[in-house]
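Inside the fold
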Amino acid sequence: MRTLFPYLKPFRKECIISPLFKLLEALLELFVPLIMAAIIDKGILAGNTGYVLKMGLGLVGLGILGLSCSVTAQFFAAKAAVGFTAKVKEVLFGHIQQLSYTELDQIGTPTLINRMTTDMNQVQTGVNMTLRLLLRSPFVVLGATIMAFTVDAKTALIFLALLPLLTLVVVGIMALTLPRHKQVQSQLDKVLLRTRENLTGVRVIRAFNKQESEEAAYNEETGALFALQQGVGRLSSLMNPLTYVLVNGALIVLLWSGAWQVEGGILTQGAVVALVNYLSQILVELIKLANLIITITKALASAGRIETVLTQESSMKDPAAPVAAPATCEECVRFDNVSTRYAGAGEESLTSISFTALRGQTIGVIGGTGSGKSTLVNLIPRFYDVSNGCVQVDGVDVREQSIEALRDKIAIVPQKAMLFKGTIRDNLRWGKQDATDEELWQALETAQGAEVVRGKAGQLDEMIEQNGRNLSGGQRQRLTIARALVKNPEILILDDSASALDYATDAALRKALREMETSATVFIVSQRASSIRFADQILVLDDGELAGIGTHDELLTNCPVYQEIYYSQYPKEAV
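Residues numbered from 1 in each chain as written. Predicted model: local features only at pLDDT ≥ 70, side-chain atom pairs only at ≥ 80, totals over all residues. Heavy atoms only, no water.

**Section: the overall build of the protein**
- Looking only at helices and strands, the protein features 20 helices and 12 strands.
- Relative to a compact globule of 575 residues, whose C-alpha radius of gyration would be 25 Å, the protein shows 35 Å and is clearly more extended.
- Scored against the burial criterion, the 575 residues of the protein give a buried share of 46%.
- Long-range pairs, those at least 24 residues apart, make up 75% of the contacts in the protein between residues at least 6 apart in sequence.
- Surface accessibility of the protein: about 28800 Å² in total, with carbon and sulfur atoms responsible for 58%.
- The averaged location of the 57 negative side-chain charges in the protein is 9 Å from the averaged location of its 53 positive side-chain charges. (Helix = DSSP H or I, 4+ residues; strand = E, 2+ residues; numbered from the N terminus. Rg over C-alpha atoms; globule rule 2.2 N^0.38 Å. Buried < 20%, exposed > 50% of the residue type's maximum accessible area, 1.4 Å probe, protein only. Contact = heavy atoms within 4.5 Å. Areas by Shrake-Rupley, 256 points an atom, 1.4 Å probe, with all protein chains shown as cover. Lys, Arg positive; Asp, Glu negative; His and termini not counted. Charge placed at Lys NZ, Arg CZ, Asp CG, Glu CD.)

Structure follows, in structure tokens:
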């Protein structure tokens, strides 16, 4: 929680005002039993109706004043809690954006979503309840005990005997439940992961008739979560019964002792009623405190999980003194003996890769599944760092350049076409916010997506749903290619971005890319030999190693791996 406390500083006023008004409300509440005792002893028993009415109006006044204090405290507590969690969410989201792909892969999307939603809600509730009750409940318990001594010191000794027992129950249950709440939240991550996999892969699950097995696996995960929650619930549920037993036991002793003292004329009836009321106040506040402790326990567990993400250092940092790359360097991209290994992987994904891409060249990257094609192009915008060697852009190591400046030069179209909720125009302007409609249409023409947009009723103002689910796979790919082209980058990376296009559209796209009036260096990753056939250089990858480099004709002559790929797709030419 230490990492999160600084974000409460802007709400120091609210954090002071809310508990103060709650303490004022509690103080007013402590006077109620004394007034009731006076009404009984001086009003009802004496038959003084005027006195009863006067003191009754006093009780109403205390109630109204107490209500005002309670509403004020609630307002400021809610303002502090909501503002605090909003700030933490903002900082957490920004921190996640700074994490490299390595950390994002390790933490996992479901875990991060859980931190931003469920854990944040737990923390918000915990802060709200803490500001309202953490001081109030102990104050009332202690205050009721002190007020009981003002009524009758001998009888109030029952209160002193009760407090240590109640403290032991509260602290003990809190110590037992805190680690178990952390286990519950961890298991919740697993359930969310299983849920996400099933919802995103529902078509595949149904196609393979795996509904029953997936349902069984889901039930197993939720069963484990239920068992953990049930265990925590059982421990937490002991709080109220134990406090009830202790307080009601004290109440029995109080009534028995008070009755004998009233009989002996030592205590008045009003005094006994006041003592019973103070004991009842202690019981109510202890119930509140018990629930508060459960809430705080959950909030602390959630806060710890949020802190884990916030304190996660990115393995990829901007250099202290970034080097500005020259704009006139003839070498656009250079790999010098590059090797890389994913975190936790036993083997290298790429081994000793060396090549040079000149400005304006088209570089094709081809190879079998898992050969390292995507890994190679992901090193250029520095999504991952190399293990050995170096990657240079414009003659400067990417690790010596500002990440923002480096990625400003690059546009990448990933394997999975990703669009965001909003208009087509909004999505296309991601790379260039001030792009004109003419530029948008030009990019769409090159990406073979103009007809797709013209076929929509709203055209550029047509709304795209989340993840572009109201578009086909090929339509999404064409729009993501157009989005990259609008940026007019120095380096354009197409990572198997035409896999959903038919051959005719793919051929038209490649022709349009070749005819573009641009000096951009283009990297085309594909498993189709036709997609990279006319590239200036073709990199052939095989199990993370560079099996060949050259033009199509050169590789067809001297690279067995390329020959195997090409002839598997064009068997007639093998004869």
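Having seen the structure, we can now continue with the description.
**Comments concerning the environment of Asp 189**
- Structurally, Asp 189 can be placed in helix α6 (residues 153-200).
- Between the C-alpha atom of Asp 189 and that of Pro 110, which follows or precedes it by 79 residues, the distance is 6.4 Å.
- Beyond its immediate stretch of four places on either side in the chain, Asp 189 contacts Pro 110, Thr 111, Asn 114, Arg 115 and Arg 305.

**Quick notes on the packing of helix α8 (residues 211-237) against helix α9 (residues 239-263)**
- One way to put it is that α8 packs onto α9 with a least axis distance of 5 Å and a crossing angle of 10°. Looking at the two axes, α8 sits roughly parallel to α9. On the side of α8, the interface is formed by Leu 235, Ser 236 and Ser 237, while α9 contributes Met 239, Asn 240 and Pro 241.
- For the contact of α8 with α9, the class distribution of residues is three nonpolar, three polar and no charged. (Axes fitted to C-alpha atoms, helices over the stretch in contact; angles between N-to-C directions. Parallel < 35°, antiparallel > 145°, perpendicular 65-115°, else oblique. Nonpolar A, V, L, I, M, F, W, Y, C, P; charged D, E, K, R; others polar.)

**Here's the deal with the sheet that holds strand β11 (residues 537-542)**
- As summarised here, the arrangement of the six strands in space is β6-β9-β10-β3-β11-β12, forming an open sheet in which the pairing is mixed. Every interior strand has two partners, whereas the edge strands, β6 (410-413) and β12 (545-550), have only one. On average, each strand axis in the sheet is inclined to that of its neighbour by 15°, with strand direction left out of account.
- In this sheet, β11 lies alongside strand β3 (residues 362-367) in parallel orientation, the contact comprising five bridges. (Pairing = 2+ DSSP bridges.)

**What about a nonpolar patch on the surface?**
- A contiguous nonpolar surface patch, about 380 Å² in accessible area, is contributed by Leu 24, Leu 27, Phe 31, Leu 34 and Phe 139.
- When residues in the nonpolar patch are grouped by element, the largest group, four residues, is from helix α1 (residues 12-44).
- Along the polypeptide, Phe 31 turns up in helix α1. (Patch = residues over 30% accessible without salt bridge, like charges linked within 9 Å, V, L, I, M, F, W, Y side chains within 5 Å. Salt bridge = Lys/Arg side-chain N within 4 Å of Asp/Glu carboxyl O.)

**A closer look at the pattern of salt bridges**
- By the definition in use, this model includes 26 salt bridges.
- The partner of Asp 385 in a salt bridge is Arg 382, with the nearest N and O atoms 2.7 Å apart.
- A salt bridge links Arg 429 to Asp 437; the shortest N-O distance between them is 3.9 Å.
- Arg 429 sits in the partly exposed class, given a relative accessible area of 22%.
- Taking relative accessible area as the criterion, Asp 437 reaches 32% and is therefore assigned partly exposed.

**A word on the sheet that holds strand β5 (residues 396-397)**
- In spatial order, the strands read β2-β1-β4-β5; together these four strands make up an open sheet with antiparallel pairing. Lying at the two open borders of the sheet, with one neighbouring strand each, are β2 (350-358) and β5.
- Direction of pairing for strand β1 (residues 331-340) relative to β2: antiparallel, over a ladder of six bridges. Paired with Phe 335 across the bridge in β2 is Phe 355.

**Notes on the pairing of β1**
- Summarising the sheet, β1 and strand β4 (residues 388-393) pair through five bridges and their orientation is antiparallel. Residue pairing for β4: Ser 339 is matched across the bridge by Asn 388.

**Concerning the pairing of strand β9 (residues 491-495)**
- Counting buried positions along β9 yields five of five residues, so the element is predominantly enclosed.
- Neither face of β9 is left uncovered, since the one carrying Ile 491, Ile 493 and Asp 495 and the one carrying Leu 492 and Leu 494 both have all their residues buried.
- Relative to β9, β6 is paired through four bridges, and the arrangement is parallel. Pairing of Val 413 across the sheet is with Leu 494, part of β9.
- Bridge analysis of β9 against strand β10 (residues 521-525) gives five bridges, and the strand direction is parallel. Bridge pairing in β10 links Leu 492 to Val 522.
- Considered for its hand, the β-α-β crossover made up of β9, helix α17 (residues 503-514) and β10 is right-handed. (Right-handed = clockwise from strand over helix to strand, strands pointing away.)

**Digging into the nonpolar core**
- Counting residues in hydrophobic clusters, the biggest one holds 42 residues, and the most contacted among them are Ile 366, Leu 444, Leu 460, Leu 479, Leu 492, Ile 538 and Tyr 562.
- In terms of residue count, the dominant contributor to this core is helix α16 (residues 473-486) (six residues).
- Sequence-distant contacts of Tyr 562, that is, excluding residues within four places in its chain, are made with Ile 366, Ala 529, Ile 532, Ile 538, Val 540, His 552, Leu 555 and Leu 556.
- Val 141, Ile 173, Tyr 278 and Ile 287 belong to the second largest nonpolar core, which has 35 residues in total. (Core = buried A, V, L, I, M, F, W, Y, C linked by side-chain atoms within 4.5 Å.)

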